[in-house]
Every structure is written in C-alpha cells, then in structure tokens.
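# Summary of the model geometry
Here's the letter readout for the chains.
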Amino acid sequence: MGYVLDTSHLPAVDRVEAVHTAMMYASAPCHVLHEDPDGEVHARMEVWDLGNTNVFTHRSSGIRLLRTAKLARQDGMPVIALSVQQRADGRIEQRGRQRVVPPGELLVVDLSGAYDFSWSGDGAAGCLQIPYDQLGLPLDVVRRAAFEVAASPLYRLVTGHIAQLAADPAGITDDAASATVAAASIDLARALLVSAARSGRHARQVFAETLLTRVRAYVRMHLADPDLTPRAIAAVHGVSVRQLYKLFADANLSLEQWVIDERLQRVRHELTQPTRRHVPIGAIAHGWGFRDPTHFTRRFKARYGVTPSQWRRSSAAARS
C-alpha cells in the first residue's frame, strides 16, 4: 500500500500544514508556498515504492516548492527525480538555469541540491525518484544531463515510460513483476542521462547494458504499429537483425513470441473495459497488430485457456 494524502477529506484550515508535512515525506525537504494560501488549497499526493525507486504523483492548486541551499546542506540523501508534467506548465530553476515544462514533457531535478519549482492553477505531475547510488553514474554526468534531456533521442521513450508508471502506480507496484519494472526504469534513466550528457566515456557501456531494456520499452510503445518488424526495431536501435535476435536469445526470450504475448495482453485488457464492450473483438485485435482473426483467436486461447469472446463475457459477468 502506498502513502496517499487527499486534502478533500480535511478541513480547509488544516490543508496547508498537511501538504507541507506530506511533501517532507514524499520528496526532498523544502519550503512549500501556496499560490493562494487563503483560497481553495487542495492536493492529492501518492508515493508508491517500486523496488529501489519510488513513484510520486502530485496534483494540487498552485504551488511553489523552494529548496534553499541551507536545506540542501542539511539533507544527506542524494536523489534524482524524473518528472512528467501532466497539467499546467511546470517551472524549474536549478544551478542558475531555468526551464518551462508544458504538459507531456519531462524534467529532471537533482533533489540533493537547491531548486525552485512551481506551477500556477490546477497542476499535476508524475515522478520517478531514484537514489544516485542506483544509477551508477558520476554526479557531474547526472547534473550536466539534467537540462539537456530533451535533446536525447531517448527522451520520448523515457517520457512515455514514466507517464505510464504515473498513470497506474498502485497496479504496477502491486504486480509480481514490479522488481523487474523497477530495474528497467533505472536502466532507462541511466541511458537517458548518459545520452543527454554526451558522456562518451560512459555511453558505450551503459548503452550496451541497457539495450534490451530500451528495445522492450520501444516495442511496448509501438505495439499497435503495423510496421513493427524485427528489421524496423533493429534499425531504430542501430543493430543488425541478427544482433537483435541474439539479444533476446541471450535473455532466454523469443522476439516474435514476446511481441505476440505483449499484444495479447493489451487485447485481453481492452476486452475487460466497459467503454469498449460494443467494439468488435476483431477490430480490437486488429488495432493491436493481429491481421488474421483465426490466428489471433488460436493464439489467445492457447495463451489464456479461453476464447476472446468467453473472456469478454466472463469479465462482464464479474463486474455485474
């Protein structure tokens, strides 16, 4: 169970103090300044442990988080935060540099240092917080990369990954594979930071170590793409098709079977959604890359022991 603060359950007079206390637990100690402290202050914060990292989601009225140099000197736990802005523009200033981050974009904050972060009005963000010692990178590489991540070719891949973590932190952290997700998240963060810092000394090793993680994250983001072929995947990652197959074989995985399993999971999930109950099963399967309905049905039954229509009916019955 994660930590959750929802001020809608609190008297208005207690909300400012509650948000300050929650922020001390959820992130780095800082001064919490509300845009309108006498107005309708509201906030919802969640912190979910994910292996050696955590996922922090925050939605609130206008707020400013000011971490001074004095506060930074008092805190001995270095942590890096990769945060995707969800609502309102986020404004960050750290080490003399400023950036405005619109919704859908990623920012990196060194929580061990001083910073000034804010948004105006109703804002929200989802964040992955990673202790420095889990990254295995020099501090100067991480700090150099912080304001350059948007220039990395891995930027969209990592941004999408963190957005997905923040969309369902409870479900992801409760899953049996959460430790694997945590390790993959750290690998993606390492690769992004090395790429953004243009650190040739570390790049080759980190990119080699994280190649499988990056390939799998890329495939998951493009499962609906009809042109998702081994050749296309290999080309995006700068390897040969033969190297791609070897990469998966060394991890005791079949590339084709793994892609099919991932697509089957997406279809299976979509068949449980009430909003999709009137969409033909064939259309859903086609949307996830299955061009042959017979082949899809056979694969689905082999994987889950029931036909797609049986699964949809049992899911609907369980909801009623």
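Bear in mind the structure is a predicted one, so any value in this text is a computation, not a measurement.

Another aspect to go through is the layout of surface pockets. Of the voids in this model, the largest pocket is the one considered here, and its volume is about 1300 Å³. If you go around the largest pocket, you meet 34 residues; those closest to its centre are Ile-172, Arg-220, Glu-262, Gln-265 and Arg-266. Taken together, the elements giving at least two residues each to the lining of the largest pocket come down to helix H5 (155–167), helix H6 (169–174), helix H7 (178–197), helix H9 (211–221) and helix H12 (255–270). Split into classes, the residues belonging to the lining of the largest pocket amount to 13 nonpolar, eleven polar and ten charged.

Take the pattern of salt bridges next. Taken as a whole and judged by the stated rule, the model has 14 salt bridges. We note a salt bridge from Arg-59 to Asp-122, for which the minimum N-O separation is 2.7 Å. One end of the pair, Arg-59, is in strand E4 (residues 53–60); the other, Asp-122, is in the loop between strand E10 (115–119) and strand E11 (123–131), and 63 residues separate them in sequence. On the basis of relative accessibility, which here comes to 38%, the residue Arg-59 falls in the partly exposed class. Judged by relative accessible area, which is 28%, Asp-122 ranks as partly exposed. Asp-110 is the partner of Arg-143 in a salt bridge, and the nearest nitrogen-oxygen pair spans 2.8 Å. Here Arg-143 is found in helix H4 (residues 139–145), whereas its partner Asp-110 is found in strand E9 (residues 106–110), with 33 residues between them in sequence. Each of Asp-6, Arg-44 and Glu-46 takes part in salt bridges that share partners, so that together they form one network.

Attention now moves to the sheet that holds strand E3 (residues 43–50). Spatially, E1-E3-E4-E11-E6-E9 is the arrangement adopted by the six strands of the open sheet, whose pairing is antiparallel. Either end of the sheet is taken by a strand with one partner, and the two such strands are strand E1 (3–6) and E9. Each strand of the sheet is rotated relative to its neighbour by a mean of 15°, with strand direction disregarded. As paired elements, E4 and E11 share seven bridges and run antiparallel to each other. Paired with Thr-57 across the two strands is Gly-126, which belongs to E11. Seen against the sheet, H5 touches E3, E4, strand E6 (79–87), E9 and E11 and runs at an angle of roughly 80° to E6. Along the sheet, H7 contacts E3, E4, E6, E9 and E11; its crossing angle with E3, the most-contacted strand, is approximately 100°.

Looking at where Arg-291 falls in the secondary structure, it is placed in the loop between helix H13 (281–287) and helix H14 (293–304). We classify Arg-291 as partly exposed; its relative accessible area is 42%. A C-alpha to C-alpha distance of 8.9 Å links Arg-291 and Pro-226, two positions 65 residues apart in sequence. Among all residues touching Arg-291, those that are not within four sequence positions of it are Pro-226 and His-286.

Moving on, we get to the environment of Asp-225. Its location among the elements puts Asp-225 in the loop between H9 and helix H10 (230–236). Taking the C-alpha atoms as reference points, Asp-225 and Val-41, 184 residues apart in sequence, are found 43 Å from one another. In this structure the side chain of Asp-225 is engaged in a polar contact, spanning 2.8 Å, whose partner is the backbone nitrogen of Asp-227.

Moving on, we get to a negative patch on the surface. On the surface, a cluster of negative charge is made up of Glu-35, Asp-36, Asp-38 and Glu-40. As for its position among the elements, Glu-35 is in the loop between strand E2 (31–34) and E3.

Averaged over all residues, the pLDDT of the protein chain is 88; the fraction at 70 or higher stands at 95%. By mean pLDDT, the top-scoring element of the protein chain is E10 (96), and the lowest-scoring one is helix H8 (residues 200–209) (63).

As a further point, take the side chain of His-237. Of note, His-237 is situated in the loop between H10 and helix H11 (241–250). Note on His-237: relative accessible area 15%, which makes it buried. Apart from residues lying up to four places away in sequence, His-237 is in contact with Leu-211, Arg-214, Val-215 and Tyr-218.

What follows concerns the side chain of Arg-263. Following the sequence through the fold, Arg-263 ends up in helix H12. With no salt bridge to any partner, buried Arg-263 finds its closest opposite charge in Asp-225, at an N-O distance of 6.9 Å. With residues up to four places along the chain from it excluded, the contact list for Arg-263 reads Leu-223, Asp-225, Leu-228, Trp-288, Gly-289 and Phe-290.

Reading the values: the criteria
Residues numbered from 1 in each chain as written. Predicted model: local features only at pLDDT ≥ 70, side-chain atom pairs only at ≥ 80, totals over all residues. Heavy atoms only, no water. 1 Å grid on protein atoms, 1.4 Å probe; cavity = no way out; pocket = protein on both sides within 12 Å on 5 of 7 lines; lining within 4 Å. Points joined across faces, edges and corners; volume = space filled by probe spheres on them. Helix = DSSP H or I, 4+ residues; strand = E, 2+ residues; numbered from the N terminus. Nonpolar A, V, L, I, M, F, W, Y, C, P; charged D, E, K, R; others polar. Salt bridge = Lys/Arg side-chain N within 4 Å of Asp/Glu carboxyl O. Buried < 20%, exposed > 50% of the residue type's maximum accessible area, 1.4 Å probe, protein only. Pairing = 2+ DSSP bridges. Axes fitted to C-alpha atoms, helices over the stretch in contact; angles between N-to-C directions. Contact = heavy atoms within 4.5 Å. Polar contact = N/O pair within 3.5 Å; in protein donor to acceptor, adjacent residues only side chain to side chain. Patch = residues over 30% accessible without salt bridge, like charges linked within 9 Å, V, L, I, M, F, W, Y side chains within 5 Å. Areas by Shrake-Rupley, 256 points an atom, 1.4 Å probe, with all protein chains shown as cover. Lys, Arg positive; Asp, Glu negative; His and termini not counted. Charge placed at Lys NZ, Arg CZ, Asp CG, Glu CD. pLDDT = per-residue confidence, 0-100.

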